[in-house]
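Here are the chains, one letter per residue:
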Amino acid sequence: MNDAGERADLIRQIRRIELKTAALADGSCLGPRRSPFKGSGMALANLREYLPGDDARTIDWKASARMDRLVVREYEEERSRTYYLVLDRSGSAAFGSSISKDRRILEVAASLIFAAYRQNGRMGLCIVTDRVEAFIPARAGRSQVIRLVQALITHRSAGTGTDLAAAFRFLCTRVRRRCSVIVLSDFDDPGFARALSHLRRRHETTAVRVTDPAEDCLPDVGHVFLEDPETGEQVLVDTSDPAFRRAYADALAAADRRIEGDLRSCRVRDVRVSTEGPYDLPLRRFYAHPRYRGG
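Here's a quick rundown of the structure. Everything numeric in this text was worked out from a predicted model, so none of it was measured.

## Remarks on helix H6 (residues 193–202)
Inference 1: Of all the positions in H6, only Ala-193, Ala-195, Leu-196, Leu-199 and Arg-202 are classed as buried.
Inference 2: At its buried positions, H6 is contacted by helix H5 (164–174), strand S7 (180–185), strand S8 (204–211) and helix H7 (242–265).

Listed below in C-alpha coordinates is the structure:
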(Lines give C-alpha, C1' and ligand atoms only; values in the text may rest on other atoms or scores of the structure.)
Protein backbone atom coordinates (compact mmCIF):
# COMPACT_ATOMS: atom_id res chain seq x y z
CA MET A 1 0.00 0.00 0.00
CA ASN A 2 1.39 3.40 -0.98
CA ASP A 3 1.61 6.39 1.34
CA ALA A 4 -1.68 7.92 0.16
CA GLY A 5 -3.44 4.58 0.59
CA GLU A 6 -2.06 4.14 4.10
CA ARG A 7 -3.20 7.63 5.03
CA ALA A 8 -6.72 7.02 3.69
CA ASP A 9 -6.89 3.71 5.55
CA LEU A 10 -5.78 5.43 8.77
CA ILE A 11 -8.47 8.10 8.33
CA ARG A 12 -11.12 5.37 7.99
CA GLN A 13 -9.77 3.61 11.07
CA ILE A 14 -9.81 6.80 13.15
CA ARG A 15 -13.44 7.37 12.14
CA ARG A 16 -14.25 3.89 13.38
CA ILE A 17 -12.30 4.56 16.58
CA GLU A 18 -14.40 7.65 17.29
CA LEU A 19 -17.52 5.49 17.28
CA LYS A 20 -15.93 2.96 19.64
CA THR A 21 -14.65 5.33 22.31
CA ALA A 22 -17.86 5.37 24.34
CA ALA A 23 -16.53 2.28 26.16
CA LEU A 24 -13.21 3.99 26.83
CA ALA A 25 -14.95 7.09 28.17
CA ASP A 26 -17.54 5.44 30.41
CA GLY A 27 -15.53 6.12 33.53
CA SER A 28 -13.11 3.22 33.19
CA CYS A 29 -10.63 5.10 31.01
CA LEU A 30 -9.94 8.82 31.38
CA GLY A 31 -13.37 9.16 32.92
CA PRO A 32 -14.59 11.13 35.94
CA ARG A 33 -12.60 10.01 38.98
CA ARG A 34 -10.63 11.29 41.88
CA SER A 35 -7.33 12.57 40.57
CA PRO A 36 -4.25 10.38 41.21
CA PHE A 37 -2.08 13.49 41.09
CA LYS A 38 -2.02 16.85 42.80
CA GLY A 39 -3.02 20.15 41.32
CA SER A 40 -4.41 23.54 42.24
CA GLY A 41 -7.75 22.66 43.84
CA MET A 42 -8.96 23.73 47.26
CA ALA A 43 -8.03 20.81 49.55
CA LEU A 44 -4.45 20.78 50.85
CA ALA A 45 -2.97 17.38 50.05
CA ASN A 46 0.63 17.53 51.25
CA LEU A 47 3.93 19.36 51.14
CA ARG A 48 6.80 18.53 48.84
CA GLU A 49 10.26 19.88 48.13
CA TYR A 50 10.46 22.94 45.89
CA LEU A 51 11.52 22.22 42.30
CA PRO A 52 12.91 24.76 39.81
CA GLY A 53 9.99 26.25 37.87
CA ASP A 54 7.43 25.88 40.68
CA ASP A 55 5.22 28.88 41.34
CA ALA A 56 6.82 30.81 44.20
CA ARG A 57 3.35 31.63 45.52
CA THR A 58 2.93 27.98 46.54
CA ILE A 59 5.97 28.03 48.87
CA ASP A 60 4.99 27.40 52.49
CA TRP A 61 7.44 29.67 54.27
CA LYS A 62 6.58 28.52 57.80
CA ALA A 63 6.99 24.86 56.92
CA SER A 64 10.19 25.67 55.00
CA ALA A 65 11.63 27.33 58.11
CA ARG A 66 10.75 24.32 60.25
CA MET A 67 12.17 21.83 57.74
CA ASP A 68 15.21 23.94 56.82
CA ARG A 69 14.49 23.58 53.11
CA LEU A 70 12.04 25.09 50.63
CA VAL A 71 8.75 23.20 50.37
CA VAL A 72 5.59 23.96 48.40
CA ARG A 73 1.95 23.26 49.09
CA GLU A 74 0.17 20.74 46.87
CA TYR A 75 -3.59 20.66 46.49
CA GLU A 76 -5.77 17.79 45.38
CA GLU A 77 -7.90 18.29 42.30
CA GLU A 78 -11.35 16.80 42.05
CA ARG A 79 -10.86 15.69 38.46
CA SER A 80 -7.99 14.86 36.17
CA ARG A 81 -8.74 16.96 33.11
CA THR A 82 -5.47 17.80 31.38
CA TYR A 83 -3.54 15.19 29.42
CA TYR A 84 -0.47 15.18 27.22
CA LEU A 85 0.26 12.34 24.82
CA VAL A 86 3.91 11.64 24.00
CA LEU A 87 4.10 9.68 20.74
CA ASP A 88 7.25 7.82 19.74
CA ARG A 89 7.36 8.00 15.93
CA SER A 90 10.92 6.67 15.56
CA GLY A 91 12.15 4.06 13.11
CA SER A 92 11.79 1.14 15.52
CA ALA A 93 8.04 1.79 15.67
CA ALA A 94 7.76 0.98 11.96
CA PHE A 95 8.21 -2.73 12.76
CA GLY A 96 5.14 -4.94 12.83
CA SER A 97 3.82 -8.31 11.71
CA SER A 98 0.10 -7.71 11.09
CA ILE A 99 0.21 -3.94 11.59
CA SER A 100 3.12 -1.76 12.63
CA LYS A 101 3.73 -0.57 16.17
CA ASP A 102 3.52 2.96 14.79
CA ARG A 103 0.00 2.27 13.48
CA ARG A 104 -1.07 0.84 16.84
CA ILE A 105 0.39 3.89 18.62
CA LEU A 106 -1.71 6.16 16.40
CA GLU A 107 -4.86 4.10 17.03
CA VAL A 108 -4.41 4.16 20.80
CA ALA A 109 -3.63 7.89 20.69
CA ALA A 110 -6.83 8.57 18.72
CA SER A 111 -8.86 6.55 21.23
CA LEU A 112 -7.46 8.52 24.17
CA ILE A 113 -8.05 11.83 22.39
CA PHE A 114 -11.71 11.01 21.81
CA ALA A 115 -12.09 9.64 25.35
CA ALA A 116 -10.69 12.87 26.84
CA TYR A 117 -12.99 14.93 24.60
CA ARG A 118 -16.05 12.99 25.78
CA GLN A 119 -15.10 13.89 29.36
CA ASN A 120 -14.50 17.58 28.53
CA GLY A 121 -10.79 17.10 29.12
CA ARG A 122 -7.92 19.10 27.70
CA MET A 123 -5.51 17.13 25.51
CA GLY A 124 -2.11 18.07 24.13
CA LEU A 125 0.41 16.25 21.96
CA CYS A 126 4.18 15.85 21.75
CA ILE A 127 5.71 13.83 18.87
CA VAL A 128 9.29 12.66 19.31
CA THR A 129 11.92 10.73 17.33
CA ASP A 130 15.53 11.63 18.02
CA ARG A 131 14.19 15.14 18.65
CA VAL A 132 10.89 16.78 19.53
CA GLU A 133 9.23 17.13 16.12
CA ALA A 134 5.83 18.55 17.05
CA PHE A 135 4.15 20.05 20.09
CA ILE A 136 0.51 21.06 20.44
CA PRO A 137 -0.42 22.69 23.79
CA ALA A 138 -3.36 21.14 25.63
CA ARG A 139 -6.79 22.61 24.96
CA ALA A 140 -10.37 21.39 25.10
CA GLY A 141 -13.06 21.30 22.44
CA ARG A 142 -13.88 19.75 19.10
CA SER A 143 -11.48 22.01 17.22
CA GLN A 144 -8.62 20.67 19.35
CA VAL A 145 -9.66 17.11 18.56
CA ILE A 146 -9.54 17.93 14.85
CA ARG A 147 -6.13 19.56 15.25
CA LEU A 148 -4.72 16.55 17.10
CA VAL A 149 -6.18 13.93 14.77
CA GLN A 150 -4.89 15.88 11.78
CA ALA A 151 -1.42 15.80 13.36
CA LEU A 152 -1.69 12.02 13.78
CA ILE A 153 -2.63 11.55 10.14
CA THR A 154 -0.34 14.03 8.40
CA HIS A 155 2.86 14.00 10.44
CA ARG A 156 5.85 12.49 8.66
CA SER A 157 8.88 12.05 10.88
CA ALA A 158 12.15 13.69 9.91
CA GLY A 159 14.24 11.62 12.32
CA THR A 160 14.55 7.85 12.62
CA GLY A 161 16.33 7.54 15.97
CA THR A 162 14.81 7.58 19.45
CA ASP A 163 15.40 10.12 22.22
CA LEU A 164 12.48 9.90 24.61
CA ALA A 165 14.45 11.91 27.16
CA ALA A 166 14.28 14.90 24.82
CA ALA A 167 10.48 14.86 25.02
CA PHE A 168 10.48 14.41 28.80
CA ARG A 169 12.86 17.34 29.32
CA PHE A 170 10.82 19.43 26.89
CA LEU A 171 7.57 18.81 28.77
CA CYS A 172 9.19 19.62 32.11
CA THR A 173 10.14 23.00 30.64
CA ARG A 174 6.99 23.83 28.66
CA VAL A 175 4.21 22.38 30.84
CA ARG A 176 4.24 24.08 34.23
CA ARG A 177 0.84 23.08 35.64
CA ARG A 178 0.70 19.49 36.82
CA CYS A 179 -1.12 17.16 34.45
CA SER A 180 -1.27 13.57 33.26
CA VAL A 181 1.35 12.49 30.70
CA ILE A 182 0.77 9.29 28.71
CA VAL A 183 3.81 7.99 26.82
CA LEU A 184 3.12 5.69 23.84
CA SER A 185 6.29 3.93 22.74
CA ASP A 186 8.10 0.61 22.45
CA PHE A 187 10.70 2.18 24.81
CA ASP A 188 13.53 0.87 22.65
CA ASP A 189 15.77 3.60 24.04
CA PRO A 190 18.23 2.87 26.87
CA GLY A 191 18.67 6.51 27.88
CA PHE A 192 15.21 7.63 29.00
CA ALA A 193 15.13 6.66 32.70
CA ARG A 194 16.67 9.74 34.32
CA ALA A 195 14.52 12.23 32.39
CA LEU A 196 11.41 10.11 32.93
CA SER A 197 12.02 10.05 36.67
CA HIS A 198 12.21 13.85 36.70
CA LEU A 199 9.04 14.10 34.58
CA ARG A 200 7.16 11.83 37.00
CA ARG A 201 8.06 14.09 39.90
CA ARG A 202 6.30 16.96 38.15
CA HIS A 203 3.44 15.16 36.36
CA GLU A 204 1.47 11.97 36.82
CA THR A 205 2.97 9.69 34.17
CA THR A 206 1.81 6.49 32.50
CA ALA A 207 3.71 4.30 30.03
CA VAL A 208 1.77 2.55 27.26
CA ARG A 209 4.28 0.07 25.91
CA VAL A 210 3.46 -1.14 22.39
CA THR A 211 4.91 -4.53 21.43
CA ASP A 212 4.72 -6.98 18.53
CA PRO A 213 4.69 -10.77 19.02
CA ALA A 214 7.07 -11.29 16.07
CA GLU A 215 9.82 -9.58 18.08
CA ASP A 216 9.78 -12.37 20.66
CA CYS A 217 11.11 -15.07 18.37
CA LEU A 218 13.26 -15.39 15.26
CA PRO A 219 11.99 -17.90 12.69
CA ASP A 220 14.32 -20.40 11.03
CA VAL A 221 14.50 -18.99 7.49
CA GLY A 222 18.20 -19.48 6.75
CA HIS A 223 20.51 -16.60 5.91
CA VAL A 224 18.80 -13.19 6.01
CA PHE A 225 19.77 -9.57 6.39
CA LEU A 226 18.58 -7.92 9.57
CA GLU A 227 18.26 -4.14 9.37
CA ASP A 228 18.27 -1.65 12.21
CA PRO A 229 15.20 0.52 11.43
CA GLU A 230 16.73 3.55 13.15
CA THR A 231 20.26 3.49 11.67
CA GLY A 232 19.69 1.51 8.46
CA GLU A 233 22.65 -0.73 9.32
CA GLN A 234 22.34 -4.26 7.92
CA VAL A 235 23.95 -7.50 9.06
CA LEU A 236 23.79 -10.96 7.50
CA VAL A 237 22.78 -13.66 10.00
CA ASP A 238 22.09 -17.39 9.87
CA THR A 239 18.68 -17.89 11.47
CA SER A 240 19.02 -21.67 11.12
CA ASP A 241 21.81 -21.62 13.75
CA PRO A 242 20.22 -22.61 17.10
CA ALA A 243 22.99 -20.84 19.02
CA PHE A 244 22.24 -17.57 17.21
CA ARG A 245 18.50 -17.87 17.85
CA ARG A 246 19.17 -18.50 21.56
CA ALA A 247 21.47 -15.48 21.72
CA TYR A 248 18.82 -13.40 19.96
CA ALA A 249 16.14 -14.52 22.43
CA ASP A 250 18.46 -13.83 25.38
CA ALA A 251 19.18 -10.32 24.08
CA LEU A 252 15.46 -9.60 23.72
CA ALA A 253 14.75 -10.90 27.22
CA ALA A 254 17.54 -8.74 28.64
CA ALA A 255 16.18 -5.66 26.86
CA ASP A 256 12.69 -6.40 28.19
CA ARG A 257 14.01 -6.70 31.75
CA ARG A 258 15.89 -3.42 31.35
CA ILE A 259 12.78 -1.57 30.20
CA GLU A 260 10.67 -3.03 33.00
CA GLY A 261 13.38 -2.18 35.52
CA ASP A 262 13.71 1.39 34.25
CA LEU A 263 9.95 2.00 34.44
CA ARG A 264 9.79 0.44 37.90
CA SER A 265 12.73 2.50 39.17
CA CYS A 266 10.98 5.64 37.88
CA ARG A 267 7.79 4.54 39.67
CA VAL A 268 5.88 4.81 36.39
CA ARG A 269 2.93 2.47 35.96
CA ASP A 270 2.78 0.76 32.58
CA VAL A 271 0.38 -1.16 30.42
CA ARG A 272 1.33 -3.35 27.45
CA VAL A 273 -0.58 -3.11 24.19
CA SER A 274 0.12 -5.57 21.39
CA THR A 275 -0.15 -5.01 17.65
CA GLU A 276 -2.30 -8.15 17.60
CA GLY A 277 -5.70 -8.34 19.24
CA PRO A 278 -7.86 -5.53 20.71
CA TYR A 279 -6.06 -2.68 22.42
CA ASP A 280 -9.00 -1.25 24.36
CA LEU A 281 -9.26 -4.13 26.85
CA PRO A 282 -5.79 -3.72 28.44
CA LEU A 283 -6.31 0.05 28.58
CA ARG A 284 -9.68 -0.31 30.31
CA ARG A 285 -8.33 -2.84 32.81
CA PHE A 286 -5.38 -0.59 33.57
CA TYR A 287 -7.36 2.61 34.13
CA ALA A 288 -10.03 0.77 36.15
CA HIS A 289 -7.40 -0.39 38.67
CA PRO A 290 -7.97 1.11 42.15
CA ARG A 291 -4.35 2.33 42.31
CA TYR A 292 -5.01 4.57 39.32
CA ARG A 293 -8.54 5.63 40.18
CA GLY A 294 -7.52 6.84 43.61
CA GLY A 295 -9.34 4.02 45.41
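Now that the structure is up, let's keep going.
## Side note on the environment of Ala-8
Inference 1: With respect to the secondary-structure elements, Ala-8 resides in helix H1 (residues 3–20).
Inference 2: Each C-alpha atom, one on Ala-8 and one on Ile-153, is 8.9 Å from the other, the two residues being 145 residues apart in sequence.

## A short note on helix H3 (residues 101–118)
Inference 1: Between its terminal C-alpha atoms H3 stretches 26 Å, which fits the 26 Å expected from 18 residues at 1.5 Å a residue.
Inference 2: Burial of H3 is extensive: 16 of the 18 residues sit out of reach of the surface.
Inference 3: Just past H3, the residue Asn-120 takes up positive phi, approximately 60 degrees.

## Observations concerning the side chain of Asp-189
Inference 1: Note on placement: Asp-189 falls in the loop between S7 and H6.
Inference 2: Here Asp-189 occupies a buried position and makes no salt bridge, while the nearest side chain of opposite charge, Arg-258, is found at 6.8 Å.
Inference 3: A polar contact of 2.9 Å, which involves the side chain of Asp-189, links it to the backbone nitrogen of Leu-164.
Inference 4: For Asp-189, the residues in contact, after removing those within four places along its chain, are Thr-162, Asp-163, Leu-164, Ala-165 and Arg-258.

## Notes on the sheet that holds S8
Inference 1: Overall, mixed pairing links the 6 strands, which are arranged S6-S5-S4-S7-S8-S11 in an open sheet. The strands lining the two open edges of the sheet, one partner per strand, are strand S6 (132–139) and strand S11 (269–274). When the angles between neighbouring strand axes are averaged without regard to direction, this sheet yields 15 degrees.
Inference 2: Where strand S4 (residues 82–88) meets strand S5 (residues 122–128), 7 bridges bridge the pair, whose relative direction is parallel. Considered in S5, the bridge of Val-86 is made with Cys-126.
Inference 3: Relative to S6, H5 is tilted by about 35 degrees, and along the sheet it contacts S4, S5, S6 and S7.
Inference 4: This element, H7, spans S8 and S11 of the sheet and lies at about 165 degrees to S8.

## Here we look at the pairing of S8
Inference 1: Counted residue by residue, S8 has 8 buried out of 8 residues, so it is predominantly covered.
Inference 2: Residues Glu-204, Thr-206, Val-208 and Val-210 of S8 are buried on one face, and the alternating residues Thr-205, Ala-207, Arg-209 and Thr-211, pointing to the opposite face, are buried as well.
Inference 3: Sheet topology note: the S7/S8 ladder contains 6 bridges and is parallel. Note on S8: the bridge partner recorded for Ser-180 is Glu-204.
Inference 4: In this region the chain leaves S7, passes through H6 and returns to the parallel neighbour S8; the handedness of that crossover is right-handed.
Inference 5: Sheet analysis places S8 next to S11, joined by 6 bridges and oriented parallel. Within S11, the residue paired with Val-210 across the bridge is Val-273.

## Side note on the packing of aromatic side chains
Inference 1: Scanning the entire structure with this criterion turns up 3 aromatic pairs.
Inference 2: The interplanar angle of 75 degrees and the centroid separation of 5.0 Å between the aromatic rings of Phe-135 and Phe-170 together place this pair among those described as edge-to-face. Here Phe-135, found in strand S6, pairs with Phe-170, found in helix H5; they are 35 residues apart in sequence, far enough to count as distant.

Conventions we followed
Residue numbers here run from 1 along each chain, matching the order of that chain's written sequence. Thresholds applied to this predicted model are a pLDDT of at least 70 for local features of residues and 80 or more for the giving and counting of side-chain atom pairs; totals over whole chains, interfaces and linings are not thresholded and use all residues. Derived side-chain values reflect all non-hydrogen atoms in the structure, with water molecules and hydrogen atoms excluded from consideration. Throughout, exposure labels follow a simple rule: accessible area from a 1.4 Å probe, protein chains only, divided by the maximum for the residue type, with under 20% read as buried, over 50% as exposed, and the rest as partly exposed. The secondary structure listing takes helices from DSSP runs of H or I that are at least 4 residues long and strands from runs of E that are at least 2 residues long, numbered from the N terminus. By definition, residues are in contact when any of their heavy atoms lie within 4.5 Å. Each helix should span, by expectation, one fewer than its residue count multiplied by 1.5 Å. Charge assignment in this entry is limited to Lys and Arg as positive and Asp and Glu as negative, and neither His nor the chain termini are counted. We define a salt bridge as a side-chain nitrogen of Lys or Arg found within 4 Å of a carboxyl oxygen belonging to Asp or Glu. In the analysis that follows, any N or O atom pair within 3.5 Å is treated as a polar contact, provided that within protein one partner can donate a hydrogen and the other can accept it, and provided that, for residues neighboring in sequence, both atoms belong to side chains. Two strands are said to pair when DSSP picks up at least two bridges between them. Axis lines are fitted through C-alpha atoms, for helices just across the contact stretch, and the angle between N-to-C directions can take any value from 0 to 180 degrees. The path from the first strand over the helix to the second decides the hand: if it runs clockwise while the strands point away from the viewer, the crossover is right-handed. Stacked, edge-to-face and tilted are the three classes for Phe, Tyr and Trp ring pairs, Trp counted by its six-membered ring, which pair at centre distances within 6.5 Å; planes under 30 degrees apart are stacked, over 60 edge-to-face, the rest tilted.

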